[in-house]
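Structure at a glance
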Amino acid sequence: MSQKIIKPEGIELMEYLNEGYAICNKCGAVMDRREHPRGGNDIYTCPSCGWNVDVMDYEYEDDEEEEYEDDEENEEKEDDFFEDDGEE
């Protein structure tokens, strides 16, 4: 029995994240939650690329969020530039 691999994008991705699904940071597929074979915390396993991560260590890394932070820094630099330009 094969398992369907879901790789959400855009609004669908945000819906999956808001509903508490784990998304693979390597390939973008929805991850499965499984019991750790040696006990302890559960692990997330990607059905597409096989990446495993402890549930307690998982954090979704969104590339767009990093770009947004860079944009904010650039806007602050532009604001400083224009403020300095007008004072001279």
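Computed from a predicted structure; not experimentally measured.

Side chains of Glu9, Glu12, Glu15 and Glu19 sit close together on the surface and give a patch of like negative charge. You can see glutamate 15 is positioned in helix H1 (residues 10–18).

Applying the stated criterion across every chain, the model contains zero disulfides. The closest cysteine sulfur to the non-disulfide-bonded cysteine 24 is located on cysteine 49, 3.6 Å from its own sulfur. Free of any disulfide, cysteine 46 has its nearest neighbouring cysteine sulfur in cysteine 27, separated by 3.4 Å.

A few words now on the packing of aromatic side chains. Taken as a whole and judged by the stated rule, the model has two aromatic pairs. Measuring from ring centre to ring centre gives 5.0 Å for tyrosine 16 and tyrosine 21, while their planes differ by 65°; the resulting arrangement is edge-to-face. What makes tyrosine 16 buried here is its relative accessible area of 18%. Pairing tyrosine 44 with tyrosine 58 gives two aromatic rings, centres 5.3 Å apart and planes at 70°, and the pair type is edge-to-face. Taken together, the positions of tyrosine 44 in strand S2 (residues 43–45) and tyrosine 58 in the loop between strand S3 (52–54) and helix H2 (63–87) put the pair 14 residues apart, joining distant regions of the chain. With relative accessibility at 11%, the residue tyrosine 44 sits in the buried group. Judged by relative accessible area, tyrosine 58 falls into the buried class, the value being 18%.

Another point: the nonpolar core. If you look at the biggest cluster of nonpolar residues, it comprises 13 residues, and the most contacted ones within it are Ala22, Ile23, Met31, Tyr44, Cys46, Val53 and Tyr58. Sequence-distant contacts of isoleucine 23, that is, excluding residues within four places in its chain, are made with Pro8, Leu13, Tyr16, Leu17, Gly28, Ala29, Val30, Met31, Tyr58 and Tyr60.

Applying the stated rule across the entire model yields two salt bridges. Of the charged contacts, one joins aspartate 32 and arginine 34 as a salt bridge, the two residues approaching to 3.3 Å between their closest N and O atoms. Looking at arginine 34, the relative accessible area reads 41%, which means it is partly exposed.

What counts and what doesn't
- Residues numbered from 1 in each chain as written.
- Predicted model: local features only at pLDDT ≥ 70, side-chain atom pairs only at ≥ 80, totals over all residues.
- Heavy atoms only, no water.
- Patch = residues over 30% accessible without salt bridge, like charges linked within 9 Å, V, L, I, M, F, W, Y side chains within 5 Å.
- Areas by Shrake-Rupley, 256 points an atom, 1.4 Å probe, with all protein chains shown as cover.
- Salt bridge = Lys/Arg side-chain N within 4 Å of Asp/Glu carboxyl O.
- Lys, Arg positive; Asp, Glu negative; His and termini not counted.
- Charge placed at Lys NZ, Arg CZ, Asp CG, Glu CD.
- Helix = DSSP H or I, 4+ residues; strand = E, 2+ residues; numbered from the N terminus.
- Disulfide = S-S within 2.5 Å.
- Phe/Tyr/Trp six-rings, centres within 6.5 Å; stacked < 30°, edge-to-face > 60°.
- Buried < 20%, exposed > 50% of the residue type's maximum accessible area, 1.4 Å probe, protein only.
- Core = buried A, V, L, I, M, F, W, Y, C linked by side-chain atoms within 4.5 Å.
- Contact = heavy atoms within 4.5 Å.

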